[in-house]
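An overview of the molecular structure
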Amino acid sequence: GLMAGTTKTTFSPDVATTRGMVVTILWRQAGAPVVDYTIDFTDVASDAYYAEAVRWAVSQGVAAGYGNGLFGPDDPITREQFAAILYRCAGSPAIPERVLDFIDAEQISPYAEDTLRWAVSEGLISGKGGGILDPQGEASRAQTAAMLADILYLLEDRLDRVSPLIARRVRQEIDRRVVTPFMTHDDFWWMGMIRKDVCNWTPWILSNVIDVLLLLE
């Protein structure tokens, strides 16, 4: 699937999404193509689950390494890195003239300024409240699922022009990996029903699940 569970019965929505996870999601969304492209990252083992996804992402210009022989596949992906990858996947559209008037806008890396303008304008990434964008913050698996639903809602026509299979696959996998587990379980720890009390994770994860449900309705 696009987003496999962390075990057979858990999705771990609160766990940070790594760079290797993200390129693997997008590689699967593209149909898991095999590409003839040499990569020489010292931290990408040839037998790693993300190896072919990294090869594809770099060959297509979707993602790049850090410039020191490292790709950082196990590093948590930041919100600004995710925005840059989504922008390239969308075909590098025109950048809107928008001021990112967040109180932490100075934390945005120069390379991500334009891609964040696009992502915020498209509604793919939003602030966290209180005027905070948190560009250096980690994107969790729940946020990643919500962003994929956002992409489908906003860019489905563009995806269909590439292949009608993409949108269909995204819908199937979000339903299988997010919606169905949520609707059929009451024992995930963050639900606060059986295993522990409600906590600050509960509304945050639920807001992402609700986002997914509404966008795919």
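Residues numbered from 1 in each chain as written. Predicted model: local features only at pLDDT ≥ 70, side-chain atom pairs only at ≥ 80, totals over all residues. Heavy atoms only, no water.

Helix α4 (residues 113-121) packs onto helix α3 (residues 79-89) with a crossing angle of 80° between their chain directions and a minimal axis gap of 8 Å. Considering the angle they form, α3 stands roughly perpendicular to α4. For the pair α3 and α4, the contacting residues are Glu80, Ala83, Ala84, Leu86 and Tyr87 in the first and Thr115, Leu116, Trp118 and Ala119 in the second. By residue class, the composition of the contact of α3 with α4 is seven nonpolar, one polar and one charged. (Axes fitted to C-alpha atoms, helices over the stretch in contact; angles between N-to-C directions. Helix = DSSP H or I, 4+ residues; strand = E, 2+ residues; numbered from the N terminus. Parallel < 35°, antiparallel > 145°, perpendicular 65-115°, else oblique. Contact = heavy atoms within 4.5 Å. Nonpolar A, V, L, I, M, F, W, Y, C, P; charged D, E, K, R; others polar.)

We now examine the environment of Ile39. Within the fold, Ile39 resides in the loop between α1 (19-29) and α2 (51-59). Put simply, Ile39 and Phe71 are 32 residues apart on the chain and 9.9 Å apart in space, counted from C-alpha to C-alpha. Setting aside anything within four residues of it in sequence, one finds Ile39 in contact with Val44, Ala51, Val54, Arg55 and Val58.

Between α1 and α3, the least distance of the axes is 12 Å, while the angle of their chain directions is 20°. The orientation of α1 relative to α3 falls into the category roughly parallel. Of the two possible hands of crossing, α1 and α3 adopt the one that is right-handed. Each of Arg19, Val22 and Leu26 in α1 lies in contact with α3, whose residues at this interface are Gln81, Phe82, Ile85 and Cys89. (Left-handed = near helix turned anticlockwise from the far one by under 90°.)

This next bit is on the confidence of the model for the protein chain. The share of residues in the protein chain with pLDDT of 70 or more is 91%, and the mean pLDDT across the chain is 82. Here helix α5 (residues 141-162) stands out as the element of the protein chain with the lowest mean pLDDT, 73, in contrast to α2, whose mean of 95 is the highest. Note that residues 1-11 has pLDDT below 50 and, in this model, 34 contacts with residues that lie over four places away or in other chains. (pLDDT = per-residue confidence, 0-100.)

Applying the stated criterion to the full structure yields three aromatic pairs. Their ring planes at 55° and their centres at 5.4 Å tell us that Phe41 and Phe71 sit as a pair that is tilted. Taken together, the residues span a long stretch of sequence, with Phe41 in the loop between α1 and α2 and Phe71 in the loop between α2 and α3 at a distance of 30 residues. With a centroid separation of 5.5 Å and 70° between ring planes, the pair formed by Tyr87 and Trp118 is classed as edge-to-face. Note that Tyr87 is positioned in helix α3 and Trp118 in helix α4, a separation of 31 residues in sequence. Like Tyr87, the residue Trp118 is buried in the burial classification. Above the plane of the ring of Phe71 lies Arg19, whose end atom (NZ or CZ) is 4.6 Å from the centre. (Phe/Tyr/Trp six-rings, centres within 6.5 Å; stacked < 30°, edge-to-face > 60°. Buried < 20%, exposed > 50% of the residue type's maximum accessible area, 1.4 Å probe, protein only. Lys NZ or Arg CZ within 6 Å of the ring centre and 35° of its normal.)

Once that is clear, we can look at the nonpolar core. Counting residues in each nonpolar core, the largest one holds 56 residues, and the members touching the most others are Val44, Val54, Phe71, Leu116, Ile174 and Val212. Those elements that provide at least two residues to this core are α1, α2, α3, α4, α5, α6 (164-184) and α7 (201-215). Per-element tally for this core: the top contributor is α5, with nine residues. When neighbours within four sequence positions are excluded, Val54 is seen to be in contact with Val23, Ile39, Phe41, Val44 and Phe71. Phe188, Trp190, Met191 and Ile205 belong to the second-largest nonpolar core, a separate cluster that totals five residues. (Core = buried A, V, L, I, M, F, W, Y, C linked by side-chain atoms within 4.5 Å.)

With that out of the way, let us pick up the environment of Glu106. Within the secondary structure layout, Glu106 lies in the loop between α3 and α4. For the pair Glu106 and Pro135, spaced 29 residues apart in sequence, the C-alpha to C-alpha distance is 9.5 Å.

Before going further, it helps to spend a moment on the pattern of salt bridges. Applying the stated criterion across every chain yields a total of three salt bridges. Among the ionic pairs, Asp114 bridges to Arg117, the shortest N-O distance being 2.7 Å. Within this pair, Asp114 and its partner Arg117 are both found in helix α4, separated by three residues, close to a single helical turn. A salt bridge links Asp134 to Lys128, with the shortest nitrogen-to-oxygen separation between them at 2.6 Å. Residue Lys128 is classed as partly exposed on the basis of its relative accessible area of 45%. (Salt bridge = Lys/Arg side-chain N within 4 Å of Asp/Glu carboxyl O.)

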